[in-house]
Amino acid sequence: MKRAGLQEPAAAMYLTTHSWFSLKYGLPSPQALVERAAALSIGRLALADINSTSCAIEFVTRCREQGIQPTVGISFWHANELRFVGLAKNRRGRNQLNALLTAYSFGGEAAAPVPRDVPDAFLIYPRLHKPIESFRENEFLGIRPEHAGRLGGKRVLNFPEKLVAWSPASFLAEDDHDLHCILRAVAHNISLDNLTTVDVANPRDYLASPAEMQDRYAPYPFLLDNADKLLARTYIDFSTSD
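Note that this is a predicted model, so its numbers are computed, not measured.

How each quantity is defined
- Residues numbered from 1 in each chain as written.
- Predicted model: local features only at pLDDT ≥ 70, side-chain atom pairs only at ≥ 80, totals over all residues.
- Heavy atoms only, no water.
- Helix = DSSP H or I, 4+ residues; strand = E, 2+ residues; numbered from the N terminus.
- Contact = heavy atoms within 4.5 Å.
- Phe/Tyr/Trp six-rings, centres within 6.5 Å; stacked < 30°, edge-to-face > 60°.
- Buried < 20%, exposed > 50% of the residue type's maximum accessible area, 1.4 Å probe, protein only.
- Lys NZ or Arg CZ within 6 Å of the ring centre and 35° of its normal.
- Patch = residues over 30% accessible without salt bridge, like charges linked within 9 Å, V, L, I, M, F, W, Y side chains within 5 Å.
- Areas by Shrake-Rupley, 256 points an atom, 1.4 Å probe, with all protein chains shown as cover.
- Salt bridge = Lys/Arg side-chain N within 4 Å of Asp/Glu carboxyl O.
- Axes fitted to C-alpha atoms, helices over the stretch in contact; angles between N-to-C directions.
- Parallel < 35°, antiparallel > 145°, perpendicular 65-115°, else oblique.
- Left-handed = near helix turned anticlockwise from the far one by under 90°.
- 1 Å grid on protein atoms, 1.4 Å probe; cavity = no way out; pocket = protein on both sides within 12 Å on 5 of 7 lines; lining within 4 Å.
- Points joined across faces, edges and corners; volume = space filled by probe spheres on them.
- Nonpolar A, V, L, I, M, F, W, Y, C, P; charged D, E, K, R; others polar.

J.: Quick question: what am I supposed to make of the environment of L163 here?
T.: Among the structural elements, L163 can be located in strand β7 (residues 163–165). Leaving out residues up to four positions away in the same chain, L163 has contacts with I132, L141, I143, V156, L157, F222, L223 and N226.

J.: Please clarify how the packing of aromatic side chains should be interpreted in this entry.
T.: Where two aromatic rings form a pair, the distance of their centres and the angle of their planes describe that pair. Overall, the coordinates contain eight aromatic pairs when judged by the stated rule. Geometrically, the ring pair formed by F76 and Y104 is edge-to-face, given 5.3 Å between the ring centres and 75 degrees between the ring planes. Here the residue F76 occupies a position in strand β3 (residues 69–78), and Y104 occupies one in helix α3 (residues 91–106), the gap between them amounting to 28 residues. There is no split in this pair, since F76 and Y104 are both buried. Plain terms: the ring middles of F84 and Y125 are 6.3 Å apart, the flat faces sit at 65 degrees to each other, and that makes the pair edge-to-face. Taken as a pair, F84 in strand β4 (residues 81–88) and Y125 in strand β5 (residues 121–125) lie far apart in primary sequence, 41 residues in all. For F84, a relative accessible area of 0% translates into the label buried. Across the ring face of F122, the terminal group of K89 is positioned such that the distance to the ring centre comes to 4.9 Å. Taking NZ or CZ as reference, K162 lies 4.9 Å from the ring centre of F140, over its face.

J.: Would you explain a nonpolar patch on the surface in this entry?
T.: A contiguous nonpolar surface patch, about 350 Å² in accessible area, is contributed by L179, I182, V186 and L192. Note on placement: V186 falls in helix α5 (residues 177–188).

J.: Please clarify how the packing of helix α1 (residues 30–39) against helix α2 (residues 56–66) should be interpreted in this entry.
T.: Between α1 and α2, whose axes approach to 9 Å, the crossing angle comes to 30 degrees. Classified by the angle their axes make, α1 and α2 are roughly parallel. Seen along the crossing, α1 lies across α2 with a hand that is right-handed. Across the interface between the two elements, P30, Q31, L33, V34, E35 and A38 of α1 pack against E58, F59, R62, C63 and Q66 of α2.

J.: Would you mind showing me how to read empty space enclosed by the protein here?
T.: Across all of its chains, the model carries two cavities of 30 Å³ or more by this definition. As a volume, the largest cavity reaches approximately 80 Å³. If you go around the largest cavity, you meet 13 residues; those closest to its centre are S52, T53, A56, V72 and G73. Among the elements of the structure, β2 (44–50), β3 and α3 are those that each provide at least two residues to the lining of the largest cavity. Of the residues assigned to the lining of the largest cavity, the class counts are six nonpolar, five polar and two charged. Looking at the second largest cavity, its volume works out to about 40 Å³.

What follows is the structure, given as structure tokens:
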């Protein structure tokens, strides 16, 4: 059901975006991120900054102003590697993710690639940390655009309901990748020449238009549908209780 004041979602939706609160990784301010999404007619948008929830309230406020359905979450990183993305279904889910981040940062849980259950949040894995047939109801495998065309014959296609389009956006345009690389070099205290592909985002990790997203996932458009359905099951509003 469409909520009052929100535009109908377009065919591009993002399960993970990063703002400049993803320190030395994401580029846009929350305002710039949301304004660019609105310009592209993106109807649903998830912010999942790296080990941070600092701008969640501002992000939700900006999305409401632009008629975009917001989802908030966290990208859980450890040792320069993304382990999983958590997206809150509601405010209870945000509280659960915050508690998980505390345990992840200070309680030694970062060593485990599969977290404890967070029932009011969705978990998206960038790779198979465990067999897909053992995924819980709220766990999904994120499929990057460059991997979508290589799914043919893969066992995961036997579990289509567990697969979602996952095209993270850490900057607003492809040309921003150079600046992103400078930030990553600063983060690692190394020269640009010594950066590896592991250290930086993919050059295509920018906020793409709905048409480009459809092209990226043309081999398996159901991945976009699944991502949209997942975001449609979330609702966050800091002005009222859930």
